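Analysis of the macromolecular model
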Amino acid sequence: MAKDITMYTTTTCAYCVMVKKWLTSKKLDYNEVNIDEQPERAKEAFEVSGQMAVPVTVITKDDDTREVVVGYNIAKLAPAVA
Amino acid sequence: MKKEPTTLVYGADWCPDCRMAKAFLEKNDIEYKYLDIENNPKYQNDMLRITNGSKTIPTLVYGDIITQEPDLEELTNMYGVQAKKEDMKEVVMIGAGPAALTASVYTTREDIDTTLIEKAVIGGLAAITDWVDNYPGFPEGISGLDLSENLRKQAERFGAKIELGEVTGISAKNGVVTLNTIEGDIEAKAVLIATGTEYKKIGVPGEAEYISRGVHYCATCDGAFYRDKKIVVVGGGNSAVQEALFLTKFASHIDLLVRGDKFRASDVLVHELEKNDKITIHMNTTTDEILGDGAKVTSVNGTNKKTNKKVIFDVDGAFVFVGLKPNTGFLDGSIDLDEYGFIKSTTNLETNLPGVFAAGDVRSGATMQIASAVGEGATAALRIREYLENLSK
């Protein structure tokens, strides 16, 4: 199970909308960091993913291990939040 | 009566064959317990003990029977059931961009049961376009994302069902169209292929290596990482110019590299471009190579074709909009395509497979406009209605 889900997004990104829709359909809560609104946190998204792309979804599991999924990729998101 | 043993399904969430097996069991009301081996080491150990170390999933245990990666036929035999097929659907649309969403507004309003299957983003390429100024009815323009969201709401208001999934094959026989999907087969009386297009890659050294680490195809997604940075935009069509203008919100300077000696973009956009002092236009300039330091892009090399001189742009990123390629790979020879891979269709928008129609960007001859896609969606819906009426005669 996921203890915390944090998503880095931008206002205009359609793939971010899809990840949010998907998380909501799985009844999972998440924190959203919109880097258009908080540009100073764009660095964080890059550091955590090594990529300059959103959406970045950071899943912290119960045992504090962390999984990072870049993009709208159900094949990676599903096992990460399970 | 002897109680049937509960089937154990060892699998993982990401595994398509596991989903297929579970879907089969559910459809046939067969009791089962799903054991996720990825997130529970105990289940993994149990499974490996049962299978003597064989790591294939799904592994199904039903009484004394142990089977791995069974196909539909095997499952049917194993449970002695006639595989209950899902009821045949009336219309299935592949894709949920402007063409399919519009078509579904029309079909559902005619009370034709309609399901859309989308593998990526609802709204398609329109949804990732930052701003749409040429779609009628919005005098101030509208963001691609808002337009997509409106289209989705409108389609769902009349009962269109949008499923997130992926179609992997298509065939037609005796008035029934069969779609293979990662969740199993679906049968429909009629199908609309509206899978659209995606941005092409340039195909130069460094491009693949630096995808998402300096090379991007979605300005609305990744532009925000280039605040106060220098970038190049590659391309001379509407998308390249529109997205270059959008990227000036972030970038300190943009070099726009256009291979030809004139823009394919509309004049209005080109005028906007010429007024923008953050953008330098380089006509007749090819993009030859993308260079980086291993972690990120540091420069883009090109050639000025007029002077035949190398040009080097020291930038942090490159956004590429060099044309569109059709999403038709999954059709795998079952549908006639033109030489560029777009779907051939009749004036009725029907393909060579009876009952299978095509609309929007994916259709040969499409003009790659949202307004055209919407128009084609409406036409396709009306033709599908006629087709269904003839089918039931």
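Residues numbered from 1 in each chain as written. Chains lettered and ligands numbered in written order. Predicted model: local features only at pLDDT ≥ 70, side-chain atom pairs only at ≥ 80, totals over all residues.

Focus on the overall build of chain B
Heads up, the rule is: Each helix corresponds to a stretch of at least 4 residues labelled H or I by DSSP, and each strand to a stretch of at least 2 residues labelled E; elements are numbered beginning at the N terminus. Put plainly, a residue is buried at 20 or more neighbouring C-beta atoms within 10 Å of its own, exposed at 12 or fewer, and partly exposed in between, counting only other residues' C-beta atoms, which are placed from the backbone. Remark: residues whose backbone-derived C-beta atoms lie within 7 Å of one another are considered to be in contact.
Helix and strand counts for chain B stand at ten helices and 21 strands. With the principal axes as the frame, chain B shows a C-alpha extent of 85 × 55 × 35 Å. Taking all 393 residues of chain B together, the buried fraction comes to 43%. Look at the contacts in chain B between residues 6 or more apart in sequence, and 62% of them connect residues 24 or more apart.

Remarks on the nonpolar core
All names here are of chain B. Cut-off, in case you're wondering: Working definition: the nonpolar core is a set of buried Ala, Val, Leu, Ile, Met, Phe, Trp, Tyr and Cys residues, joined through C-beta atoms within 7 Å.
If you look at the biggest cluster of nonpolar residues, it comprises 122 residues, and the most contacted ones within it are V191, L192, V233 and A318. In this structure L192 touches V91, M93, A100, A103, F357, A359, A380 and I384, once residues within four positions along its chain are discounted. In terms of nonpolar packing, the next biggest core, distinct from the first, is built from 15 residues, C18, M20, L35 and M47 among them.

Some points on the interface of chain A and chain B
Each side of the interface is counted separately: chain A has 22 residues, and chain B has 25 residues. Contributions of two or more residues to the side of chain A that touches chain B are made by α1 (14-25), α2 (42-49) and α3 (74-81) of chain A. Tallying contributions element by element places α1 of chain A first for the side of chain A that touches chain B, with four residues.

Notes on the packing of helix α8 (residues 238-247) of chain B against helix α9 (residues 267-275) of chain B
Residues and elements named next belong to chain B. We count it as follows: To obtain each axis, a line is fitted to C-alpha atoms, and for helices this fit is confined to the stretch in contact; angles are then taken between N-to-C directions over 0 to 180 degrees. When the near helix sits turned anticlockwise from the far one by under a right angle, the crossing is termed left-handed; a clockwise turn instead gives a right-handed crossing. When residues are grouped by polarity, Ala, Val, Leu, Ile, Met, Phe, Trp, Tyr, Cys and Pro land in nonpolar, Asp, Glu, Lys and Arg in charged, and all others, Gly among them, in polar.
Across the interface, α8 lies against α9 with an axial gap of 10 Å and an inter-helix angle of 35°. For the element pair α8 and α9, the recorded crossing hand is left-handed. For the pair α8 and α9, contact is made by N238, V241, Q242, A244 and L245 and by L269, V270, E272 and L273, respectively. A per-class count over the contact of α8 with α9 returns six nonpolar, two polar and one charged.

Structural notes on the sheet that holds strand β1 (residues 2-9) of chain A
All names here are of chain A. Convention followed: In this scheme, strands are said to pair when DSSP sees at least two bridges between them.
Reading across from one edge, β2-β1-β3-β4 is the order of the four strands in this open sheet, with mixed pairing throughout. Of all the strands in the sheet, the pair left with one neighbour each is β2 (31-34) and β4 (66-70). Recorded for the sheet is a direction-independent mean angle of 15° between the axes of neighbouring strands. With five bridges joining them, strand β3 (residues 56-61) and β4 adopt antiparallel strand pairing. When the bridges of β4 are listed, V56 appears paired with V70. Most of the contacts of α3 go to β4, to which it runs at about 160°, and overall it touches β1, β3 and β4.

Details of the domain arrangement of chain B
Note the cut-off: Start and end positions for the domains come from either an automated domain assignment or a database one.
Looking at chain B, the domain boundaries give domain 1 (7-79), domain 2 (89-197 + 325-391) and domain 3 (215-322). Distance between the C-alpha centres of domain 1 of chain B and domain 2 of chain B: 35 Å.

Side note on the environment of G50 of chain A
Residues and elements named next belong to chain A. Relative to the assigned elements, G50 resides in the loop between α2 and β3. The exposure class assigned to G50 is partly exposed, which follows from the 14 C-beta atoms found within 10 Å. Taking the C-alpha atoms as reference, G50 lies 24 Å from D29; in sequence the two are 21 residues apart.

Regarding the confidence of the model for chain A
The following threshold applies: Scored from 0 to 100, pLDDT reflects the predictor's confidence in each residue.
Mean pLDDT over chain A stands at 91; residues scoring 70 or higher make up 100%. Averaged pLDDT values for the elements of chain A fall to 84 in α3 of chain A and rise to 96 in β2 of chain A.

A few points about the confidence of the model for chain B
Taken as a whole, chain B shows an average pLDDT of 92; of its residues, 98% reach a score of 70 or greater. Confidence estimates for the predicted assembly give a pTM of 0.75 and an ipTM of 0.77.

Comments concerning the pairing of strand β5 (residues 89-94) of chain B
Residue and element names in this part refer to chain B. The condition that has to hold: The definition of a right-handed crossover adopted here requires that, viewed with the strands pointing away, the path from the first strand over the helix to the second runs clockwise.
Pairing geometry for β5 and strand β10 (residues 184-193), over five bridges, is parallel. Bridging from a neighbouring strand, V92 pairs with V191 of β10. Sheet analysis places β5 next to strand β6 (residues 114-118), joined by four bridges and oriented parallel. By the bridge assignment for β6, I94 is matched with I117. As for the winding sense of the linkage, the β-α-β connection from β5 through helix α4 (residues 98-109) to β6 is right-handed.

A look at the pairing of strand β1 (residues 7-11) of chain B
All names here are of chain B. Taking burial as the measure, the five residues of β1 include five buried ones, the bulk of the element. Residues of β1 alternate between two faces, with T7, V9 and G11 on one and L8 and Y10 on the opposite face, all of them buried. Where the polypeptide runs from β1 across helix α1 (residues 16-27) and back to strand β2 (residues 32-36), its parallel neighbour, the crossover connection is right-handed. Of the strand pairs in this sheet, β1 and strand β3 (residues 59-62) are connected by three bridges, and their pairing is antiparallel. Within β3, the residue paired with Y10 across the bridge is T59.

Details of the sheet that holds strand β12 (residues 215-216) of chain B
All names here are of chain B. The strand order across the open sheet built from five strands is β12-β19-β13-β14-β15, with neighbouring strands paired in parallel fashion. Both edges of this open sheet fall to β12 and β15 (279-282), since each of them pairs with a single strand only. Two strands pair when backbone bridges link them, and strand β13 (residues 230-234) and strand β19 (residues 317-320) are joined in this way by four bridges, in the parallel orientation. From the neighbouring strand, V232 faces β19, where its bridge partner is A318.

Notes on the packing of α4 of chain B against helix α6 (residues 144-157) of chain B
Residue and element names in this part refer to chain B. Rule in force here: Under this scheme an angle from 65 to 115 degrees is roughly perpendicular, one under 35 degrees roughly parallel, and one over 145 degrees roughly antiparallel; angles in between are oblique.
Packing of α4 against α6 brings their axes to within 8 Å, and their N-to-C directions diverge by 30°. Taken together, α4 and α6 sit at an angle that is classed as roughly parallel. Judged by the twist between their axes, the crossing of α4 over α6 is left-handed. Only L151, R152, Q154 and A155 of α6 make contact with α4, whose side of the interface consists of P98, L101, T102, S104 and V105.

Quick look at α1 of chain B
Residue and element names in this part refer to chain B. Under the convention used in this document: Between the first and last residue of a helix there are one fewer steps than residues, each counted as 1.5 Å, and that sum is the expected span. It is the directions from the helix axis to the C-beta atoms whose arc is reported.
With twelve residues, α1 should reach 16 Å at 1.5 Å per residue; the first-to-last C-alpha distance of 16 Å fits that figure. Along α1, the residues classified as buried are C18, M20, A21 and F24. Across the axial projection of α1, the buried residues extend over an arc of 160°, all falling on one side. In this fold, the buried residues of α1 make contact with β1, β3, α3 (72-79) and β10.

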